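Letter by letter, the chains look like this.
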Amino acid sequence: MRLLVTGGAGFIGSEFVRSLLSITDSSTHGIQVTVLDKLTYAGVAANLDPVVDHPGYTFVHGDICDARLVDQVMAGHDAVVHFAAESHVDRSIAGAEPFVMTNVMGTQLLLDAAVRHRIGRFVHVSTDEVYGSISTGSWTEDCPVEPNSPYAASKAGSDLLALAYHRTYGLDVVVTRCSNNYGPYQFPEKLIPLFVTNLLDSKKVPLYGTGHNVREWVHVSDHCHGIELALRSGRAGEIYHLGGGTELTNEELTQLLLKATDSSWDMVEQVPDRQGHDLRYSLNCDKAANELGYAPRVRFEEGLDETVSWYRDNRHWWMPLRGKA
Ligand code: NAD
């Protein structure tokens with residue numbers, strides 16, 4: 001299979017590429033991966049160092065909003081896994097334009113090129129944030145999108161475009177919606193790596209509002225496994241939820257991170273709440289479990305310990321990025 005992966009130098013995309021190219025069984029025999037990435041502040045070329053000498057790997061430095069380049073790069077591929085996005089909610093509140101450009105316009109250009117080049121499968125990687133906030137219960141795939149932040153609205157727009165390209169042009173599209181990811185190589189602006197790297201440097205951590213907002217966490221390796229299942233056996237035109245099942249308030253998560261870094265509550269600075277801050281996210285993943293055999297495999301406590309250790313051992317990776325955050 002010749003696979004085009006957009007945003008493959010980011011947190012989740014690089015995990016997907018590293019894990020795909022490290023599997024040596026027959027399922028990935030002969031696989032070729034092209035990464036297309038603009039290397040924005042969040043894209044780190046070194047995230048792909050472990051696969052740089054793999055014979056099936058090619059890197060293209062470029063923008064998904066560059067129609068000519070996208071058309072050239074798309075040629076010769078069998079499938080696309082589309083991760084590239086502006087992904088940080090706080091940045092979208094400060095300025096929505098790059099979110100609309102990359103997440104909506106960039107996705108539309110990729111979808112157009114995929115139709116032209118008769119791509120066999122287009123996996124569009126999306127988020128639970130498109131649904132807004134849910135006080136009780138969990139979202140199923142048929143719930144309406146009601147996004148609150150510009151980030152979530154831009155992702156919802158791209159999801160709807162992807163599904164429309166399936167209905168209108170017959171493009172074989174699968175949309176995955178995932179809960180909050182954690183794990184190694186996450187840019188130190190997101191909650192877990194920001195808090196861990198601050199605490200490792202004895203700096204205070206900023207906790208929004210009351211800290212009672214609830215997020216569902218999934219290890220990045222489980223998310224990537226779910227995407228691979230969707231790529232191989234998802235049904236065209238369908239949405240699949242890929243959650244982790246561990247729901248925590250931000251305050252509970254902060255307590256766990258303080259414990260893991262031998263820090264105390266004095267290190268927490270409560271800051272004014274994020275504008276439009278969703279109270280709770282929760283995904284029902286029965287459809288992915290029943291149709292794809294998806295089940296998260298990493299226990300949260302173990303995954304979090306391993307993640308904290310990774311940041312402790314890989315200062316050389318995150319120190320240069322802090323200035324960009
Ligand atoms: P990230 O910010 O770490 O990485 C994004 C990557 O996309 C970077 O390598 C960046 O250089 C690249 N990129 C950005 N704009 C581009 C453009 N115009 N052209 C080409 N490349 C561009 O993001 P992430 O956390 O790895 O998220 C990947 C995808 O997963 C996103 O679509 C995001 O919406 C989705 N998602 C993320 C989470 C999460 O918890 N991080 C949860 C659910 C879904």
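As a starting point, this report considers the structure included with it. Every value quoted in this text rests on a predicted model; they were computed, and no experiment measured them.

The next thing to look at is the pattern of salt bridges. This structure, assessed with the given rule, holds 17 salt bridges. Between glutamate 189 and arginine 91 there is a salt bridge; the shortest N-O distance is 2.8 Å. Remark: arginine 91 occurs in helix H3 (residues 89–94) and glutamate 189 occurs in the loop between strand E7 (180–182) and helix H6 (191–200); sequence separation between them is 98 residues. Classification of glutamate 189 as buried rests on a relative accessible area of 9%. Residues arginine 232 and glutamate 228 are paired through a salt bridge, measuring 3.3 Å at the closest nitrogen-oxygen approach. Here arginine 232 pairs with glutamate 228, and both are found in helix H7 (residues 220–233), just four residues apart, close to one helical turn.

Looking now at the site of the ligand. In the vicinity of the ligand there are 28 residues, among which Asp37, Asp63, Ser87, Tyr151 and Lys155 approach most closely. Here an oxygen atom of the ligand sits 2.9 Å away from a polar atom, N or O, in the main chain of asparagine 181. Here the ligand, which alone exposes 840 Å², has 96% of that area covered by the protein. Residue assignment for the shell around the ligand shows that the elements contributing at least two residues are helix H1 (11–22), strand E5 (121–127), helix H5 (150–169) and E7. Among the elements that line the shell around the ligand, the one with the most residues is E5, at three residues.

The next subject is the nonpolar core. Core analysis: the largest hydrophobic core is formed by 34 residues, its most contacted members being Leu3, Val5, Phe16, Val17, Val81, Phe83 and Ile227. In this structure valine 17 touches Val5, Val33, Val35, Leu48, Val51 and Tyr57, once residues within four positions along its chain are discounted. One finds Ala113, Ile119, Trp139 and Tyr281 within the second-largest nonpolar core, a separate group that totals 31 residues.

The sheet built from three strands is open, its strands ordered E7-E9-E11 with mixed pairing. Because the sheet does not close on itself, it has two edges, and the strands there are E7 and strand E11 (246–249). Recorded for the sheet is a direction-independent mean angle of 45 degrees between the axes of neighbouring strands. Here helix H8 (residues 250–260) sits on the sheet in contact with strand E9 (214–219) and E11, set at roughly 95 degrees to E11.

Reading guide: rules and limits
Residues numbered from 1 in each chain as written. Predicted model: local features only at pLDDT ≥ 70, side-chain atom pairs only at ≥ 80, totals over all residues. Heavy atoms only, no water. Salt bridge = Lys/Arg side-chain N within 4 Å of Asp/Glu carboxyl O. Helix = DSSP H or I, 4+ residues; strand = E, 2+ residues; numbered from the N terminus. Buried < 20%, exposed > 50% of the residue type's maximum accessible area, 1.4 Å probe, protein only. Near = heavy atom within 4 Å. Polar contact = N/O pair within 3.5 Å; in protein donor to acceptor, adjacent residues only side chain to side chain. Areas by Shrake-Rupley, 256 points an atom, 1.4 Å probe, with all protein chains shown as cover. Core = buried A, V, L, I, M, F, W, Y, C linked by side-chain atoms within 4.5 Å. Contact = heavy atoms within 4.5 Å. Pairing = 2+ DSSP bridges. Axes fitted to C-alpha atoms, helices over the stretch in contact; angles between N-to-C directions.

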